[in-house]
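Now for the letters of each chain:
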Amino acid sequence: MMGIIIVVVAGVVIIWGAATYNKLVSLRMNVKEGFSTIEVFLKKRYDLIPNLVETVKGYATHEKGTLEQVIQARGNAISSSPKDKSKYEGELSNALSRLLMISENYPDLKADLQFINLQKELQNIESEIEKSRRYYNGTVNNLNKVIEKVPSCIIASLFKFKEEPFFELENIEERQNVQVKF
């Protein structure tokens, strides 16, 4: 009788352990998927920036410093590690905001059809990035809760599951979307 109880308890523990492990794997994959989605939209933004810079360059010849900051921030963001991605994305967002504010000083630029289309495209991409960040942070939250909660923390530590960082920006100014004004 005691042997049967031990076998049943061991079976329940093994089934629970396997189910918890599978849940952790699924959550980790959701986090990877979420980060990958962010990177897709960031790539679209990176690809759009040179066109935006070139359009502004044609009108705003006295804004060389701002244009160089955007180019530098883009380069830093592209080459950053996933760990540093949110920091450099914040710097890029600030640089883009400054670039788009330049258009206020150049009425011909504000009226340029290419510039208007690039602004609209950038606005759409920024919206998709924001949605992707929300999804990613939600999946990170779910994973981190399971990793920290008892008793699943036992399986998480046995199989070396680590908490994932949220996609957060460094300061309050960086938390705002790029302002696109027409």
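Residues numbered from 1 in each chain as written. Predicted model: local features only at pLDDT ≥ 70, side-chain atom pairs only at ≥ 80, totals over all residues. Heavy atoms only, no water.

### A look at the packing of helix 3 (residues 85-102) against helix 5 (residues 113-148)
Thought 1: Between helix 3 and helix 5, the shortest axis-to-axis distance is 13 Å and the interhelical angle comes to 155°. Relative to helix 5, helix 3 is oriented roughly antiparallel. Relative to helix 5, the crossing made by helix 3 is left-handed. Contacts from Glu89, Leu96 and Leu100 of helix 3 reach helix 5 at Phe115, Gln119, Leu122, Glu126 and Arg133.
Thought 2: Taken together, the residues of the contact of helix 3 with helix 5 sort by class into four nonpolar, one polar and three charged. (Axes fitted to C-alpha atoms, helices over the stretch in contact; angles between N-to-C directions. Helix = DSSP H or I, 4+ residues; strand = E, 2+ residues; numbered from the N terminus. Parallel < 35°, antiparallel > 145°, perpendicular 65-115°, else oblique. Left-handed = near helix turned anticlockwise from the far one by under 90°. Contact = heavy atoms within 4.5 Å. Nonpolar A, V, L, I, M, F, W, Y, C, P; charged D, E, K, R; others polar.)

### A closer look at helix 1 (residues 2-59)
Thought 1: Counted at 1.5 Å a residue, the expected span for helix 1 with its 58 residues is 86 Å, and the 85 Å between its end C-alpha atoms agrees.
Thought 2: The axis of helix 1 is deflected most strongly, by about 25°, at Leu48, and proline Pro50 appears within four residues downstream. (Expected span 1.5 Å × (residues − 1). Bend = angle between axes of the 7 residues up to and from the residue.)

### Details of helix 5
Thought 1: The end-to-end C-alpha distance of helix 5 is 52 Å, a good match for the 52 Å that 36 residues give at a rise of 1.5 Å each.
Thought 2: Among the residues of helix 5, the N-terminal cap falls to Asp112, whose side-chain oxygen and the backbone nitrogen of Gln114 are separated by 3.0 Å. (Polar contact = N/O pair within 3.5 Å; in protein donor to acceptor, adjacent residues only side chain to side chain.)

### Let's talk about the pattern of salt bridges
Thought 1: In this structure the tally under the stated criterion is eight salt bridges.
Thought 2: Between Glu128 and Lys131 there is a salt bridge, with its nearest N and O atoms 3.6 Å apart. Of this pair, Glu128 and Lys131 are both found in helix 5, three residues apart, which corresponds to roughly one turn of the helix.
Thought 3: What makes Glu128 partly exposed here is its relative accessible area of 30%.
Thought 4: Residue Glu130 pairs with Arg134 through a salt bridge whose shortest N-O separation is 2.7 Å. Within this pair, Glu130 and its partner Arg134 are both found in helix 5, separated by four residues, close to a single helical turn.
Thought 5: Glu130 sits in the partly exposed class, given a relative accessible area of 30%.
Thought 6: When its relative accessible area of 53% is taken as the criterion, Arg134 is described as exposed. (Salt bridge = Lys/Arg side-chain N within 4 Å of Asp/Glu carboxyl O. Buried < 20%, exposed > 50% of the residue type's maximum accessible area, 1.4 Å probe, protein only.)

### What about unusual backbone geometry?
Thought 1: The step from Val150 to Pro151 runs through a cis peptide bond, and the omega angle for that step is 5°.
Thought 2: One can find Pro151 in the loop between helix 5 and helix 6 (152-158).
Thought 3: A positive phi angle, close to 55°, is found at Lys160, a residue other than glycine.
Thought 4: Classification of Lys160 by relative accessible area gives exposed; the value is 62%.

### Examining the side chain of Thr55
Thought 1: Inspection of the secondary structure puts Thr55 in helix 1.
Thought 2: A polar side-chain atom of Thr55 sits 3.5 Å from a polar atom in the side chain of Gln114.
Thought 3: Once you skip the residues sitting within four places of it in the chain, Thr55 turns out to touch Leu109, Asp112, Gln114, Phe115 and Leu118.

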